[in-house]
Amino acid sequence: MENLRVLQEDGRVPIKAIILFISFAALAIPAFAQQTGFAALFTAGKSAPGSQLVEITGERGSPQPQQWIFFYLDPSARGGVKEVTISNREVLSVRTPLRGFSDLGSRPPVNLESLKVDSDRAFQIVESEAIGRRISFHWVDYSLKVSADGSPRWTLRLLDSMGVFLGSLEISAESGAVVSPLSVETASPTASAKPRGQVEGLAGDVRDLGVGVGKAVSNTVLRTVGTGQEILTGERTIGPKEDAE
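Residues numbered from 1 in each chain as written. Predicted model: local features only at pLDDT ≥ 70, side-chain atom pairs only at ≥ 80, totals over all residues. Heavy atoms only, no water.

**Focus on the overall build of the protein chain**
No. 1: Assigned secondary structure in the protein chain consists of five helices and 10 strands.
No. 2: The buried share of the protein chain, taken over its 245 residues, is 39%.
No. 3: For the protein chain, the computed accessible surface area is about 13900 Å², with 53% contributed by carbon and sulfur atoms. (Helix = DSSP H or I, 4+ residues; strand = E, 2+ residues; numbered from the N terminus. Buried < 20%, exposed > 50% of the residue type's maximum accessible area, 1.4 Å probe, protein only. Areas by Shrake-Rupley, 256 points an atom, 1.4 Å probe, with all protein chains shown as cover.)

**Quick word on the pattern of salt bridges**
Close approach of charged atoms allows side chains of opposite charge to pair.
No. 1: Counted under the stated rule, the structure contains five salt bridges.
No. 2: Residue arginine 95 pairs with glutamate 83 through a salt bridge whose shortest N-O separation is 2.8 Å. Of the two residues, arginine 95 sits in strand S4 (residues 90–95) while glutamate 83 sits in strand S3 (residues 81–87), which places them 12 residues apart along the sequence.
No. 3: For arginine 95, a relative accessible area of 41% translates into the label partly exposed.
No. 4: Residue classification places glutamate 83 among the buried residues on the basis of a relative accessible area of 6%.
No. 5: A single network of salt bridges, built from pairs that share partners, joins Asp149, Arg153 and Glu170. (Salt bridge = Lys/Arg side-chain N within 4 Å of Asp/Glu carboxyl O.)

**Details of the environment of valine 179**
No. 1: You can see valine 179 is positioned in strand S9 (residues 178–184).
No. 2: Overall, the relative accessible area of 34% leaves valine 179 in the partly exposed class.
No. 3: Along the primary structure valine 179 and tryptophan 154 are separated by 25 residues, whereas in three dimensions their C-alpha atoms are 9.5 Å apart.
No. 4: Apart from the residues lying within four places of it in its own chain, the contact partners of valine 179 are Arg153, Glu170, Ile171 and Ser172. (Contact = heavy atoms within 4.5 Å.)

Purely geometric numbers; function is a separate question.
As structure tokens, this is what we get:
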């Protein structure tokens, strides 16, 4: 206690106290990391042990979807398939739909050992193609299944901020090779209203969100450390001050 009183009197802040407050601040900050298709597949496989995967889908990726849906062959199910939905490394649902997926039962299963290109790499490829074509988009729909030649392929569909389909690209999930180049189906009705500073590729809302999250995290940490400093020394020199009551 005597040492703490001396530190308070001369205005110095204990390093351990600052580290402690930073640690608490980091714990209070939510995680914004997005899960890739193969990472979610690892979790989904636990809910369908021994089952054969036939398709992976994910909608409205920015760049990765908030939810991934996995379809497995299930001869014991009336509809022939089992559907597993994963979000943030957790199983949201496991169900056996009765209708609407009859075609999945006749599809060839995906050879998991052949999967080499995850959805994050697939996104990098499609964004590079979009930049080359000067296309701005807001979301990506993902689908992975076995093609007619027996190889697994990612199909990525680009959408604008209004959900209008812009075009699609097919990529080998084995090599990352572009099997079908980006085909533009329609011009986006929002194309003339580009987000600020963004010409093509993944557009405005998402990247602006990333900047905003970074600033919020920085302010939270600095504000928490400053509060600790003020408690210990009676003076705040670190981070923004708390709002007045």
